[in-house]
Amino acid sequence: LGPFVQAAPVLENPFTSDPILPRALKRLLPNSEYNSVATDLSNFGQRIVKEVDALGLLAERDPPRLEQFDAWGNRVDNLIVTPAWDKLKGIAAEEGLIAIGYDKSRSAEARRIHQFAKLYLFHPSSGLVTCPLAMTDGAAKTISELNLGDKFPDLKEAYNRLTSRDPKHAWTSGQWMTEKAGGSDVGGGCDTYAVPVDEVNHKLSGYKWFSSAIDADMTLTLARTVQDGKAVSGSRGLSLFFLRLRDQATGKLNGIQMLKLKNKLGTKQLPTAELLLDGVNALKVSAEGRGVPSIANMLNITRVHNAVASASSIRRVVSLARDWSTRRVAFGNKLVDWPLHLATLANLEILARGTLLFTLESARLLGRFESGEASAEEIALLRLITPILKLHTGKVCVPAISEGIECFGGQGYIEDTGIPGIMRDAQVTAIWEGTTNVLSLDILRVFKTTKFAAFEAFVNRISGIVTKAKSGQNEKVVQAGTSLEKAFTQLVSTLKAAQKDPQFPANLQ
Ligand code: MFK
Ligand code: FAD
């Protein structure tokens, strides 16, 4: 065997060892908030190292299974998840990973920044429990925007449970949109029909092609209402429905059949299924035909969660690679002492910092928007940068993580290290919650709805940064900001010209 034993990379407290997160929070949070947020994140960072990370690895190694029939041939659709998955869900509730975002006693900036910073620490160790958390947050947000609590006690209860810190009381939600004929084009592809029982209660029938985290308690979904045997085609025929997955009294599935668990490239911890809906009891919770704009509330939240996942996966691989570079020796030097290796790490570090800062800025704007404190310019900016944030972070994280894996040499390719899973799970962040091209088209939608306001808000923001950098004689920021300002001003004038064409926005594709 030989005497040589290679020291393994060590996962340090992801908050206190992060070179930028504590500083960024100090800048973004009011003084009155920073100390308590930093203490909470530091304690949670310690819990991640001591407890959570091992559970996350267990969840990947012991993926969910579906038993459709019992020994006697009865259809049971029994989803079996590892105890580690349930434990992680409990930790998420206890730590307030959703509740923090809805704590109305906090300042606008603090609640969402604190929540997303905490999710940033959690995601790479979470065994992908952050997927149901994203949908849970999106559902809580959608329910609160619908503002129907007084009319629908079920929605009031759901909101309270989705935002609960008590693991025994807390719920998670699904988000069932994608069908066989269309995931991006939900309006064209949706073949789920809702037959009214009365004005609110409906029976849903259809086939949901990708449904993640099917151990959820409830879901929001889209369906086409049937009136007098007819349904409206396209997205204007879709309404939003709320349903519980199981009957409260019997625990039996609510007209749902779990047909198959998907065999996926990654996200193996996560039970993603094909579901047959056969007479599911559901409540119509949007106005007729307003399903897509209603569920857009959910999309705009889950897209920020997605960015947290992409950014924090880059951070995880960089921090492990950085630690490894101080332990691994090649050609007589530690890796960290080879300038070329250091340059590779430095490039990754820049990306890790950039994606984090971009994500925190979206969280800040979201908090301001939700508390009613955002200016019209900030609201427009939030709408614009949400799809850009999601598509950018989803796109850059895959090559970055691949580069990070190469920093470990052959060990980066070895399953027992836990490193390859980071790569597998990252690939999905560019696909779900809107692919890169579909989100590019969403930017055109922003342009159509806010005219130039969102884009001009962005240019104003950059101009402000350039002016500040000029007074501080920060040449690099002045240079980068000026060229970004120029590029964006040009983009706005291209859009203004394109808008005159009757084919707009199709003429831009
Ligand atoms: C760890 C992190 C994990 C994250 C969780 C992952 C779990 C996985 C979950 C999933 O993947 S769930 C499925 C996600 N699916 C998508 O993201 C669908 C992608 N497709 C789109 O986003 C399409 O652009 C869309 C379905 C929205 C197109 O629909 P339409 O109906 O053809 O679009 P249209 O007609 O332009 O817009 C309809 C209305 O919605 C308009 O409002 P009005 O009727 O009032 O004019 C739009 O302004 C509004 N709308 C659309 N997108 C919006 C929006 N409003 C606000 N924000 C948006 N993003
Ligand atoms: P398509 O819409 O067929 O897209 C195929 C390609 O065409 C893409 O590259 C896309 O960018 C491109 N494209 C499409 N339209 C245009 C256009 N107009 N212009 C240019 N390019 C275009 N969905 C749910 O509803 N709930 C879930 O819980 C869920 N979980 C998932 C879990 C996993 C692991 C995965 C992989 C997917 C999950 N999805 C879920 C589905 C996911 O949201 C969809 O796969 C995604 O939205 C893309 O839809 P699609 O697969 O139909 O691809």
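Trainee: Is there a simple way to explain the pairing of strand β5 (residues 201-212) in this structure?
Mentor: The side chains of a regular strand alternate between both faces of the sheet. In the sheet, strand β4 (residues 193-196) pairs with β5 via four bridges, with the strands oriented antiparallel. Considered in β5, the bridge of Pro196 is made with His202. As consecutive antiparallel partners, β4 and β5 are separated by four residues. Summarising the sheet, β5 and strand β9 (residues 272-284) pair through ten bridges and their orientation is antiparallel. Opposite Ser212, over in β9, you have Thr272 as the bridge partner.

Trainee: How should I be thinking about unusual backbone geometry in this particular structure?
Mentor: The general pattern is negative phi for most residues beyond glycine and trans for most peptide bonds. For Asp228, which is not glycine, the phi torsion reads 50° and is therefore positive. Mapped onto the secondary structure, Asp228 falls in the loop between β6 (218-225) and β7 (238-244). The class for Asp228 is exposed, based on a relative accessible area of 79%. One non-glycine residue, Glu433, adopts positive backbone phi at about 60°. Looking at Glu433, the relative accessible area reads 17%, which means it is buried.

Trainee: Got a minute to help me understand the side chain of Glu349 in this structure?
Mentor: The topology assignment puts Glu349 in helix α9 (residues 339-370). Residue Glu349 is classed as buried on the basis of its relative accessible area of 12%. Beyond its immediate sequence surroundings of up to four residues, Glu349 is in contact with Pro19, Arg315, Val318 and Arg322.

Trainee: What is the right way to read the nonpolar core from this model?
Mentor: Soluble, globular proteins show a tendency: their nonpolar side chains are buried together. Counting 79 residues, the largest nonpolar core has Leu21, Leu25, Phe122, Met218 and Val285 as its most contacted members. Ranked by residues supplied to this core, first place goes to helix α2 (residues 31-61) with nine residues. Those residues in contact with Val285 that lie beyond four places of it in its chain are Leu146, Leu148, Phe152, Leu155, Leu240, Phe241 and Phe242. Of all hydrophobic cores here, the second largest spans 22 residues; its members include Val317, Leu335, Val396 and Cys407.

Trainee: How should the pairing of β7 be read in this particular structure?
Mentor: Most of β7 sits out of view: six of its seven residues are buried. As paired strands, β7 and β9 are joined by two bridges and run antiparallel to one another. Each bridged residue has a counterpart across the sheet, and for Phe242 the counterpart in β9 is Leu283.

Trainee: Where do I start with the domain arrangement of the protein in this structure?
Mentor: By a widely used convention, the size of an interface equals the accessible area lost when the partners come together. For the protein, the assigned domains are domain 1 (173-292) and domain 2 (451-508). Computed from C-alpha atoms alone, the centre-to-centre distance between domain 1 and domain 2 is 41 Å.

Trainee: Please clarify how the side chain of Thr436 should be interpreted in this entry.
Mentor: Mapped onto the elements, Thr436 comes out in helix α12 (residues 436-450). Classification of Thr436 by relative accessible area gives buried; the value is 17%.

The rules behind these values
Residues numbered from 1 in each chain as written. Chains lettered and ligands numbered in written order. Predicted model: local features only at pLDDT ≥ 70, side-chain atom pairs only at ≥ 80, totals over all residues. Heavy atoms only, no water. Pairing = 2+ DSSP bridges. Helix = DSSP H or I, 4+ residues; strand = E, 2+ residues; numbered from the N terminus. Buried < 20%, exposed > 50% of the residue type's maximum accessible area, 1.4 Å probe, protein only. Contact = heavy atoms within 4.5 Å. Core = buried A, V, L, I, M, F, W, Y, C linked by side-chain atoms within 4.5 Å. Domains from an automatic or database assignment.

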